[in-house]
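Examination of the molecular architecture
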Amino acid sequence: MDTPAKTESLRFMSDYSDFCESYGGCPSDPEFMDRWIEEYANDRDPIDSFVSLQEQKNLKLQFCNAKEEWDQVKDYVRIYIENNCVKHHEVNDIISMQNDWDKFTEIRSMNEHSNGFIVEGISSKHFRLVCEILKIAGGDGASLVKDERY
């Protein structure tokens, strides 16, 4: 005969098994929970309030070729959000003032605009991605004529 404690224990194991399976894990894997906590339970990234984890996966597949590239896009978006920026050039200005373009090697570019200005910024592909994440339009600045990674 099952005791209430045994019944509760079996229910917990079933719930835990379902939980593990829903995140692609196995309840018998002793490292699964550590990996899950590292990926999902740390402080939420500001980007999470704009796009779901599933949307992030889709955008990553659509726009980024490497994890480092995605991480840099997220860092760029984080700067945008945390500094209450309204325009992309504000983020670029912050990165330039802090001399941090070396932290954005996968997405940075020299951007030539129709007004003749050449400025440090992000590639047009990553610009579109940032707009997609933040659900904003490109803006009304001088149009981009050329972007060249450096």
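Residues numbered from 1 in each chain as written. Predicted model: local features only at pLDDT ≥ 70, side-chain atom pairs only at ≥ 80, totals over all residues. Heavy atoms only, no water.

**Details of unusual backbone geometry**
Unusually for a residue other than glycine, Asn84 sits at a positive phi of about 50°. Mapped onto the elements of the fold, Asn84 is located in the loop between α4 (67-82) and α5 (88-97). A positive phi is found at Asn99, a non-glycine position, where the angle reads about 55°. By the element assignment, Asn99 lies in the loop between α5 and β1 (108-113). (Helix = DSSP H or I, 4+ residues; strand = E, 2+ residues; numbered from the N terminus.)

**Comments concerning the nonpolar core**
Val73, Tyr76, Leu129 and Ile133 are the most contacted members of the largest nonpolar core, which has 23 residues in total. Mapped onto this core, the elements with two or more residues apiece are α3 (53-63), α4, α5 and α6 (124-134). Per-element accounting of this core gives the leading share, six residues, to α4. Residues in contact with Ile133, not counting those within four places in the same chain, are Ile47, Phe50, Val51, Leu59, Trp70, Val73 and Val77. (Core = buried A, V, L, I, M, F, W, Y, C linked by side-chain atoms within 4.5 Å. Buried < 20%, exposed > 50% of the residue type's maximum accessible area, 1.4 Å probe, protein only. Contact = heavy atoms within 4.5 Å.)

**Some remarks on a negative patch on the surface**
Together, Glu31, Asp34, Glu38 and Glu39 make up a negatively charged patch on the protein surface. Mapped onto the elements of the fold, Asp34 is located in helix α2 (residues 32-41). For Asp34, a relative accessible area of 54% corresponds to the exposed category. (Patch = residues over 30% accessible without salt bridge, like charges linked within 9 Å, V, L, I, M, F, W, Y side chains within 5 Å. Areas by Shrake-Rupley, 256 points an atom, 1.4 Å probe, with all protein chains shown as cover. Salt bridge = Lys/Arg side-chain N within 4 Å of Asp/Glu carboxyl O. Lys, Arg positive; Asp, Glu negative; His and termini not counted. Charge placed at Lys NZ, Arg CZ, Asp CG, Glu CD.)

**Examining α3**
Residues Gln56, Leu59 and Phe63 constitute the buried set of α3. The arc that holds the buried residues of α3, viewed along the axis, is 65°, so those residues lie on one side. For α3, the secondary structure elements touched by its buried residues are α4 and α6. (Arc of directions from axis to C-beta.)

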